[in-house]
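The lines below spell out each chain.
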Amino acid sequence: MEEKEISRAVIKRLPRYYRYLGELLESGTERISSNELSERMQVTASQIRQDLNNFGGFGQQGYGYNVKHLHTEIGKILGLDRDYNIIIVGAGNLGQALANYVKFEKNGFLVKGLFDVNPSLKGVTVRGIEIRMVDELPEFLQENDIQIAALTLPKQNAKKMADILVENGVRAIWNFAHTDLHLPKDVIIENVHLSESLMQLSYNINRYNKEHPS
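Residues numbered from 1 in each chain as written. Predicted model: local features only at pLDDT ≥ 70, side-chain atom pairs only at ≥ 80, totals over all residues. Heavy atoms only, no water.

Right, let's get into helix 1 (residues 8–26). Between the first and last C-alpha of helix 1 there are 28 Å, a value that for 19 residues agrees with the 27 Å anticipated at 1.5 Å per step. Within the span of helix 1, buried status applies to Val10, Arg13, Leu14, Tyr17, Tyr18, Tyr20, Leu21, Gly22 and Leu24. Buried residues in helix 1 make contact with strand 1 (31–32), helix 2 (34–41), helix 3 (45–53) and helix 4 (67–77). Looking one or two residues beyond helix 1, the residue adopting positive phi is Gly28, at roughly 90°. (Helix = DSSP H or I, 4+ residues; strand = E, 2+ residues; numbered from the N terminus. Expected span 1.5 Å × (residues − 1). Buried < 20%, exposed > 50% of the residue type's maximum accessible area, 1.4 Å probe, protein only. Contact = heavy atoms within 4.5 Å.)

Ile87, Val89, Leu137, Leu151, Leu165 and Ile173 are the most contacted members of the largest nonpolar core, which totals 21 residues. For this core, the secondary-structure elements that each account for two or more residues are strand 3 (84–89), helix 7 (137–143), strand 7 (148–151) and helix 8 (155–167). Ranked by the residues each element gives to this core, the list is headed by helix 8, at 5 residues. If we skip the residues at most four places from it in the chain, Leu137 touches Ile87, Val89, Phe115, Met161, Ile164 and Leu165. In this structure, Tyr20, Leu21, Leu37 and Phe58 belong to the second largest nonpolar core, which totals 17 residues. (Core = buried A, V, L, I, M, F, W, Y, C linked by side-chain atoms within 4.5 Å.)

What the rule picks out here adds up to 5 aromatic pairs. Considering the side-chain rings of Tyr84 and Phe109, the 5.4 Å spacing of their centres and the 15° angle between planes classify their relative orientation as stacked. Of the two residues, Tyr84 is situated in strand 3 and Phe109 in strand 4 (residues 109–116); the sequence distance between them amounts to 25 residues. Given a relative accessible area of 16%, Tyr84 falls into the buried group. Between the aromatic rings of Tyr101 and Phe104, the centroid separation amounts to 4.7 Å while the plane-to-plane angle is 80°, which identifies the pairing as edge-to-face. (Phe/Tyr/Trp six-rings, centres within 6.5 Å; stacked < 30°, edge-to-face > 60°.)

Structural data, given as C-alpha cells:
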C-alpha cells in the first residue's frame with residue numbers, strides 16, 4: 001500500500017506534541033483529552049485529532065489519549081526509537097553550543113565528531129569530543145557510521161563542505177549556514193535560518209506595536 005503523504009505543517013507540529021507529552025509524562029499525567037492538550041499547545045482540539053488521524057488516531061472516545069503510549073508512538077513516527085550519529089562541521093560558538101546541548105543525546109542524536117579549519121582549535125575538547133581539522137573529515141567518515149552532519153560554518157564554505165560530506169556517504173544535512181543548499185535528491189536537507197526566525201519575531205513585534213499604540 002502506498003504511504004499517505006503527510007503535509008509539512010503536520011510534520012512541523014509532531015516535535016511539539018512529543019515535547020509536550022514528554023513534559024506530561026514527567027509530571028505523572030497518565031491520560032489527556034484532545035481539549036486539554038489543545039489548551040497546552042494553543043492548537044485546536046480538532047486540529048490535534050486531524051493530525052493524529054494521519055497516523056492512526058491513538059485516542060479512545062471518552063478516554064482521550066494514553067500519554068505514555070502516544071509519546072512512544074510519536075517518537076517512532078519521528079524516528080526517535082533509534083540512535084543517529086552526528087558530526088558538526090564548524091566548531092565556532094554555534095557549533096560548540098550544539099555539541100554542549102545534552103538534550104540531543106537524550107533523544108538519540110549522538111555527536112561523534114567536531115571539525116574546523118582553525119588550527120588554534122585543533123585538539124580542543126568540547127564535552128569530551130576532540131575538535132579535528134576538516135582535512136581529516138573524509139577518512140573519519142569512511143571509518144565511522146555517520147548519518148547526520150550539522151553545518152555551522154560561513155555560507156561561502158557550505159556548498160564545498162556539503163559536497164565532501166555527500167561524496168563520503170552522508171545523506172542528511174542540518175544546515176545552519178546562511179545559504180540554501182542544492183544537493184542530489186537522495187540527500188535530505190533541513191535548512192535552519194536563525195536570522196529569518198528573528199525577522200519573523202521582529203515582524204510580530206512591529207504588528208503588535210501598531211495594534212497597541214502606546
